[in-house]
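Topology and contacts: notes
One letter stands for each residue in the lines below.
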Amino acid sequence: MEGNSKKEHRALLNQGEEDELEVFGYNTQTLRRAVSLVASVLTAGVLPLVFYWRPEWRVWANCVPCPLQEADTVLLRTTDEFQRYMRKKVLCLYLSTLKFPISKNPEDTLVADCHSVINRAILKPELKLRCIQVQKIRYVWDHLEKRFQKVGLLEDSNSCYDIHHTFGLGLSSEEQEVRRLVCGPNAIEVEIQPIWKLLVKQVLNPFYVFQAFTLTLWLSQGYVEYSVAIIILTIISIVLSVYDLRQQSVKLHRLVEDHNKVQVTIMVKDKGLQELESRLLVPGDILILPGKLSLPCDAVLIDGSCVVNEGMLTGESIPVTKTPLPHVENTMPWKSHSLEDYRKHVLFCGTEVIQVKPSGQGPVRAVVLQTGYNTAKGDLVRSILYPRPLNFKLYSDAFKFMVFLACLGVLGFFYALGIYMYHEVSPRDTTTMALLLLTVTVPPVLPAALTIGIVYAQKRLKKKKIFCISPQRINMCGQINLVCFDKTGTLTEDGLDLWGMVPTADNCFQEVHSFDSGKAAPWGPLCAAMASCHSLILLDGTIQGDPLDLKMFEGTAWKLEDCNVDSCKFGMSDSNTIIKPGPKASQSTVAAIVILRQFPFSSSLQRMSVVTQLAREGHFHVYMKGAPETVVRFCRSETVPKNFPEVLKNYTVQGFRVIALAQKVLRMRKLSEVEDLARENAESELTFLGLLIMENRLKKETKLVLKELSEAHIRTVMITGDNLQTAITVAKNSEMIPPGSQVIIVEANEPEENFAASVTWQLVEKQETGPGKHETYINIGKSSLPDGGRGSGYHFAMTGKSYQVIFQHFNSLLPKILVNGTIFARMSPGQKSSLVEEFQKLNYYVGMCGDGANDCGALKMAHAGISLSEQEASVASPFTSKTANIECVPHLIREGRAALVSSFGVFKYLTMYGIIQFVATSLLYWQLQLFGNYQYLMQDIAITLTVCLTMSSTDAYPQLAPYRPAGELLSPPLLLSIFLNSCFTCIVQVCAFLYVKQQPWYCEVYLYSECFLTNQSNFSTDVSLGRNWTGNATLVPGSILSFEGTTLWPITTINCITIAFIFSKGKPFRKAIYTNYIFSFLLISALGLTIFILFSDFQDIYQGMEFIPTVTSWRASILVAGFVHFCVAFFVEDGILQNRELWLFIKKEFGFYSKSPYRKWQKKLAEDTTWPPTNKTIYSGDGFFVNRGYESPKQVPKEKLKLGGQTTEQHFWTRL
């Protein structure tokens, strides 16, 4: 019973999706709430502040757990590694507020859609439903399934038949009203945050609260100057943050503002057409598409076709043709019916309809699928409003360091309490001084200092035309060790040039027609296919569409025109496209070709088809074009030349892009039959027509960039939708696969009736240079891999189909392939994303560079996605390069490394600065003393503040080092650096503190001021001190003036300058320190000023700084001590802690190895004499792959469990 109650208390929201959440039910208790209220008053508002930071504590304090169906408050928790909490109130909506009567009979449905959650959510006879609003999405309580479900969309369980027949005639006005109440408005509303609200959010940050406490304490003790400086800096920081957030809010608001004001026409059941504002649309409405329109919702096309610009989603402004959802009478969900290609029927919110083509049965119609924030555009806006937190070790380690410094401060607090209580100082002064020591360890400038490096890096990237919408990822770029590249438009030129066409006749390839001479393609079936099988459109007199289609069409020298009255003598619809021979076209027997219907190209299908009619012919033709391997599957075998594989390979190994074309004649006479023709029926029993050969040259920058990445030991991988042999050739020509390396093609096959799933390994023997122009033939032979080729000298290549089979049937084999997989061809967008994720599971830090079209998912999935786009900020990826080549990749990695090293340097400096001040202040506390205001001010503003603002402005080193910087703060070299420098500081300060007491001229000034004034004439100085020297001490008149303070201050100040210098390391990740002119000047100035103050004999300076004059020899001793400290610290930091060879030697001697899964696999596979397998076939068994030459069956699940999950990457610094 108790287990059942717990089950009802918890449920999952968006199960299996990226934004999955756990939801827990709670009921507010009056007594608990009253106790919390009293506690809030007694703690002077501290408890509400804690509740603001920890919403789960507020729920636990005020509520008791209960079943979700009875809850008035829910607690939501993310299921990712961050486990973040949110608190939401359960709201009730009442249908009785509607203006028409509603049946209270439980048997009656309120909406016609039997799949809709609305019918299961409304409680009768109360006519109410319970809902929550989470990140702009509304969820209602489903009484049948006992969980919260999303509303504002049509359920995916609807079949094609349901969509056509349930919604085909429109919704009734009553159902529209019900849906409007339940689903909310179709609006993507981004509130412009009020300035006061943004200010409150900033000020209530835990660090700022601690800072406010610190500054209040310092002001109360008379530290006015430094406190005011920090207050000014904090105010500037907060104002800039608020201004930036406000600007982002305004920009986002303006971006979506027009979306909510579109006037649309819908069809209402039994009432006909009705015009209304788009915010009133509901899922299920019939939307009429009159012509050009910015889509205000997601909708599925049910009648007619249209052309849309999806640039907002993909970053490419290429027109895309959308076709209507087919009339199919089955119960299969409509998305499953179309498999991965369902998008060809869907019009996405925010995209532009630029042309409509009615079917002849009325206007173009679409059923509203999703509204508001459920749409594609809404999802995009939500991803900006609620970005996914970054799991980067630097940030979690920074928090741990903060906790350590705070703990150090707490120790100091108790130490100060003990000292001051022992000397019987008043409780008020004791508490004040203890709190002062508590605040010394955590520097107030820490937040600004940690982000300043990213700000500088962002500015430098902008100069290189690389724009960033996620600055936090810049530090992540410093850890990238694998970069995936798309091929076409990324490694190779974007535009394809026609090289030639190879027609077929009598089951044989004919002579190649070359386009070099500029002559158009000769007339024939292949030319007809080239002229008509495309998705080009005529827009304002200009032909627009896919660049490949455009090049192919230009090769025919035909012209495109819309059907007009004159052309309609063929009896075609005025929405059809007509192709006619141009003046330069080869002589043809056909006056025109009319495109009647399109089956659009899809990356997942790798083909497209059209149904056409040649002028004055009574029958129809189907033309198909696509990947040769795909097209051949749909052709009659007797029409495919027997030497097809050899001819195809001949062209693909030369790096050509090869397109195959095919056709068939339809046995139909009526246009209505064409309209109802299913794609699978059209695309069958085709006649193979020939090949179109297109040249795709490497960009001139590609080879140099890949060489630079290779020399930096950064892996490069090609993920492309193109042919495998073409990809291998491009990889070899670009030297992604180095000369002399072996390529092994991995081919996997799905299980069949009598055969299990299999993987075949084929070794690409060698390259032979043919007689033609750059002709390279790749032979796949039976030889085995030579001994010299084992280890890292081999590269796996595979297709998307093989990847999918291995992913499903040989999962334990996948990591072994990925650690040496270089070429992944014929990859669908979904497979690209999956591959990036699998690399990340092996603990690679993955960069992805693509053109933003089919790469959107992979660009977002990667640690650093770089889109090559002309727009300043592409929504497809965190980084956008306006320079359309891959030079941006090393630029980004260099800046990432420099920013990461800068962040580490600043963090180390501030940690050491806190420790230096903590040690010095603790020593002075021993005799109830402390530094003076101006002493602190000199260190805090003249050194620390300027160091933090300028240390990170050092430029990135122009050459990529063959290793990465440390990725963790909690790494041995960094911890040793902090520890050893702390030891050096303690030794120097303690020795100075004790040694000054041994000097013959020393006296305890704070106890014996008369002694000091009597003996001051013995000092070798011209300063005459008056008896009115009292300083500005806060406790007793003598609490600052002392020989100890006068000695410790220059030592600690020189120490601060020392660590600022040694933590500003230049090469190999940043330029030398002297190139940062401002930082170098400030550091030299600070050192000069410190030495000047130390050796000056001016009374005003000594009186202002609250020093006591000492003998010159003692001052020289202080300077020598500082210099020796600098030499020791510099040698230890630069000669030992930053000595890579030394750490590699220690690793080797003590047997330390990387914990990263990919490193483990590399080590194990290098020791495996049977790997890689060559020229053999392996079959699956028992659900997972077992390579018996490598591991025993019993080990597999354990290894899979151990190596399958993602662990934290550790570099050579951090793995020791």
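All figures in this text were calculated on a predicted structure; none of them were measured in a lab. Sequence positions are assigned chain by chain, starting from 1 and proceeding in written order. Predicted model: local features are reported for residues with pLDDT of at least 70 only, side-chain atom pairs are reported and counted for 80 or more only, and whole-chain, interface and lining totals are derived from all residues. Computation of side-chain values covers all heavy atoms of the structure but excludes hydrogens and water.

1. Focus on the overall build of the protein chain
Every helix listed is a DSSP run of H or I at least four residues long, and every strand listed is a run of E at least two residues long, numbered separately from the N terminus. Looking only at helices and strands, one finds 41 helices and 43 strands in the protein chain. Note on exposure labels: buried denotes an accessible area under 20% of the residue type's maximum, exposed denotes more than 50%, and partly exposed covers the range between, all computed with a 1.4 Å probe on protein chains only. Buried positions account for 55% of the 1216 residues belonging to the protein chain. Residue contacts are defined here by distance: any two heavy atoms, one from each residue, within 4.5 Å place the two residues in contact. In the protein chain, the proportion of contacts linking residues at least 24 apart, taken out of those at least 6 apart, comes to 72%. Accessible surface is estimated by sampling points in the Shrake-Rupley manner with a 1.4 Å probe; for residues, cover comes only from the protein chains shown. About 53,000 Å² of surface is accessible on the protein chain, with carbon and sulfur atoms providing 57% of the total.

2. Brief notes about a nonpolar patch on the surface
Nonpolar side chains collect at one region of the surface, where Leu219, Val224, Val228, Ile232, Ile236 and Leu240 lie side by side and expose about 490 Å² of accessible area between them. It is helix H10 (residues 224-257) that contributes the most residues to the nonpolar patch, 5 residues altogether. Its place among the elements puts Leu219 in helix H9 (residues 206-220). Classification of Leu219 by relative accessible area gives partly exposed; the value is 35%. The residues that make up patches have over 30% relative accessible area and no salt bridge, and they are joined within 9 Å when like-charged or within 5 Å when they are Val, Leu, Ile, Met, Phe, Trp or Tyr. The term salt bridge refers to a pairing of a side-chain nitrogen on Lys or Arg with a carboxyl oxygen on Asp or Glu at a separation within 4 Å.

3. Notes on the sheet that holds strand E7 (residues 128-134)
Two strands qualify as a pair provided that DSSP identifies no fewer than 2 bridges between them. The antiparallel open sheet is built from 4 strands, whose spatial order is E6-E7-E8-E9. Of all strands in the sheet, those bounded by a partner on one side alone are strand E6 (91-94) and strand E9 (147-150). Taking each pair of neighbouring strands and ignoring which way they run, the sheet shows an average axis angle of 40°. As paired strands, strand E8 (residues 137-142) and E9 are joined by 4 bridges and run antiparallel to one another. Paired with Tyr139 across the two strands is Lys150, which belongs to E9. Think of each axis as a best-fit line through the C-alpha atoms, taken over the contacting stretch in the case of a helix, with angles from 0 to 180 degrees between the N-to-C directions.

4. As for the nonpolar core
Definition used in this section: a nonpolar core is a set of buried Ala, Val, Leu, Ile, Met, Phe, Trp, Tyr and Cys residues joined via side-chain atoms within 4.5 Å. With 91 residues, the main nonpolar core has Tyr909, Leu910, Tyr925 and Val947 as its most contacted residues. Ranked by residues supplied to this core, first place goes to helix H31 (residues 888-925) with 16 residues. Ranked by size, the runner-up nonpolar core spans 42 residues in total, among them Ile466, Leu706, Leu724 and Val730.

5. Comments concerning the sheet that holds strand E13 (residues 293-294)
Sheet architecture is open: 4 strands sit in the order E13-E18-E15-E16, paired in antiparallel fashion. At either end of the open sheet lies a strand with only one pairing partner, and these are E13 and strand E16 (319-322). Here 5 bridges tie strand E15 (residues 305-309) to strand E18 (residues 352-357), and the two strands are oriented antiparallel to one another. Its bridge partner lying in E18, Asn309 is registered against Glu352.

6. Points about the environment of Leu301
Relative to the helices and strands, Leu301 resides in strand E14 (residues 298-303). Beyond its immediate stretch of four places on either side in the chain, Leu301 contacts Leu289, Cys306, Lys322, Thr323, Pro324, Leu325, His345, Leu347, Val364, Arg365 and Ala366.

7. A few points about the UniProt feature "transmembrane region" (unreviewed entry) in the protein chain
UniProt positions are given in the numbering used here, feature names are shortened, and annotations may be inferred rather than shown by experiment. The sites that carry the UniProt feature "transmembrane region" (unreviewed entry) are, in the present numbering, residues 34-53, 226-245, 401-422, 434-457, 906-928, 974-996, 1076-1096 and 1116-1137. Along residues 34-53, the helical share is 85% and the strand share 0%, with 20 Å between the first and last C-alpha atoms. Its end C-alpha atoms 32 Å apart, residues 906-928 is made of 87% helix and 0% strand.

8. Details of the pattern of salt bridges
Taken as a whole and assessed by the stated rule, the structure comprises 30 salt bridges. One salt bridge connects Arg77 with Glu22, and the closest N-O pair in it is separated by 2.8 Å. Here Arg77, found in strand E4 (residues 73-78), pairs with Glu22, found in strand E2 (residues 21-28); they are 55 residues apart in sequence, far enough to count as distant. Of the two residues examined, Arg77 and Glu22, each falls in the buried class. Between Asp303 and Arg365 there is a salt bridge, with its nearest N and O atoms 3.8 Å apart. Residue Asp303 is located in strand E14, and its partner Arg365 is located in strand E19 (residues 364-370); the two are separated by 62 residues in the primary sequence.

9. Some thoughts on the pairing of strand E41 (residues 864-868)
Burial analysis of E41 places 5 of its 5 residues in the buried class, which makes it a mostly covered element. Alternating residues of E41 divide into Ala864, Ile866 and Leu868 and Gly865 and Ser867, and every residue in both groups is buried. Examined bridge by bridge, strand E40 (residues 846-850) and E41 share 4 bridges and lie parallel to one another. Note that in E41 the partner of Cys849 across the bridge is Ile866.

10. Some words on the side chain of Gln479
Relative to the elements of secondary structure, Gln479 occurs in the loop between helix H17 (473-477) and strand E21 (482-485). Judged by its relative accessible area of 1%, Gln479 falls in the buried class. By the criterion applied in these results, polar contacts are pairs of N or O atoms within 3.5 Å in which, for protein atoms, one can donate a hydrogen and the other can accept it, and in which residues neighboring in sequence qualify only through two side-chain atoms. Within polar-contact distance, the side chain of Gln479 engages the backbone oxygen of Pro965 at 2.6 Å.

11. A short note on the pairing of strand E35 (residues 742-749)
For a regular strand, side chains alternate in direction, first toward one face of the sheet and then toward the other. Across the 8 residues that make up E35, a large majority, 6, are buried. Relative to strand E38 (residues 794-799), E35 is paired through 5 bridges, and the arrangement is parallel. Each bridged residue has a counterpart across the sheet, and for Ile744 the counterpart in E38 is Phe796.

12. With respect to helix H40 (residues 1157-1167)
Restricting attention to buried positions, one finds in H40 the residues Pro1157, Tyr1158, Trp1161 and Leu1165. When H40 is viewed along its axis, its buried side chains cluster within an angular range of 95° and face the same direction. Away from the buried face of H40 by more than 90 degrees, exposed residues Ala1166 and Glu1167 are located. Comment: arc refers to directions from the helix axis out to C-beta atoms.

13. Some remarks on the confidence of the model for the protein chain
pLDDT is a per-residue confidence score from the predictor, ranging from 0 to 100. Overall, the predicted model of the protein chain reaches an average pLDDT of 79, with 85% of residues at or above 70. Here residues 767-791 is modelled with pLDDT under 50, and outside its nearest four sequence neighbours on either side it reaches 58 contacts, counting other chains as well. Within the model, pLDDT remains below 50 along residues 1182-1216, and this stretch shows 96 contacts once partners closer than five positions in the same chain are excluded.

14. Describing unusual backbone geometry
Residue Pro1068 is reached from Lys1067 by a cis peptide bond, and omega for that bond is 15°. Tracing the backbone through its elements, the reader meets Pro1068 in the loop between helix H35 (1043-1062) and helix H36 (1077-1095). Pro1172 follows Trp1171 through a cis peptide bond whose omega is 0°. Turning to its location among the elements, Pro1172 is positioned in the loop between H40 and strand E43 (1176-1179). Phi angles above zero are rare outside glycine, and Lys146 is one such case at about 55°. Mapped onto the secondary structure, Lys146 falls in the loop between E8 and E9. Judged by relative accessible area, which is 46%, Lys146 ranks as partly exposed. Its identity as a non-glycine residue notwithstanding, Glu685 has a phi of 50°, on the positive side. You can see Glu685 is positioned in the loop between helix H24 (679-682) and strand E33 (687-695). The exposed category is assigned to Glu685, whose relative accessible area is 54%.

15. Describing H36
Here the expected span of a helix is defined as 1.5 Å times the quantity of residues minus one. Taking 1.5 Å per residue, 19 residues should reach 27 Å; H36 reaches 27 Å between its end C-alpha atoms and fits that length. Those residues of H36 that sit buried are Phe1079, Ser1080, Leu1083, Ala1086, Thr1090, Ile1093 and Leu1094. Tucked into the core, H36 has its buried residues touching helix H32 (933-950), H35, helix H37 (1099-1105) and helix H38 (1112-1137).

16. As for the environment of Ser802
As for its placement among the helices and strands, Ser802 is situated in helix H27 (residues 800-809). In contact with Ser802, not counting residues within four places along its chain, are Val746, Glu747 and Ala748.

17. What about the packing of aromatic side chains?
Pairing of aromatic side chains here covers Phe, Tyr and the six-membered ring of Trp, requires ring centres within 6.5 Å, and sorts the geometry by plane angle: under 30 degrees stacked, over 60 edge-to-face, intermediate tilted. Under the defined criterion, the tally for this structure stands at 28 aromatic pairs. Here the aromatic rings of Tyr963 and Phe1069 are separated by 5.8 Å at their centres, their planes lie at 85°, and the arrangement is edge-to-face. Taken together, the residues span a long stretch of sequence, with Tyr963 in the loop between H32 and helix H33 (972-995) and Phe1069 in the loop between H35 and H36 at a distance of 106 residues. Considering the side-chain rings of Phe1092 and Phe1098, the 6.2 Å spacing of their centres and the 35° angle between planes classify their relative orientation as tilted.

18. So, the packing of helix H3 (residues 46-53) against helix H4 (residues 55-62)
Across the interface, H3 lies against H4 with an axial gap of 5 Å and an inter-helix angle of 120°. Here H3 lies oblique to H4, going by the angle between them. Contacts between H3 and H4 involve Val50, Phe51, Tyr52 and Trp53 from the first element and Pro55, Trp57, Arg58, Ala61 and Asn62 from the second. In terms of residue class, the contact of H3 with H4 is made up of 7 nonpolar, 1 polar and 1 charged. Working definition: roughly parallel below 35 degrees, roughly antiparallel above 145 degrees, roughly perpendicular at 65 to 115 degrees, and oblique for all remaining angles. Residues are grouped as follows: Ala, Val, Leu, Ile, Met, Phe, Trp, Tyr, Cys and Pro are nonpolar; Asp, Glu, Lys and Arg are charged; every other residue, Gly included, is polar.

19. Considering the packing of H35 against H36
Packed helices, taken two at a time, are described by their axes: the angle between them and the distance between them. For the pair H35 and H36, interaxial distance at closest approach is 10 Å and the crossing angle is 165°. It follows from the interaxial angle that H35 and H36 lie roughly antiparallel. Remark: the crossing between H35 and H36 carries left-handed chirality. Only Phe1079, Leu1083, Ala1086, Leu1087, Thr1090, Ile1093 and Leu1094 of H36 make contact with H35, whose side of the interface consists of Trp1049, Pro1050, Thr1053, Ile1054, Ile1057, Ala1060 and Phe1061. Partitioned by chemical class, the residues of the contact of H35 with H36 number 12 nonpolar, 2 polar and no charged. Handedness of a crossing follows from how the near helix is turned relative to the far one, being left-handed for an anticlockwise turn of less than a right angle and right-handed for a clockwise one.

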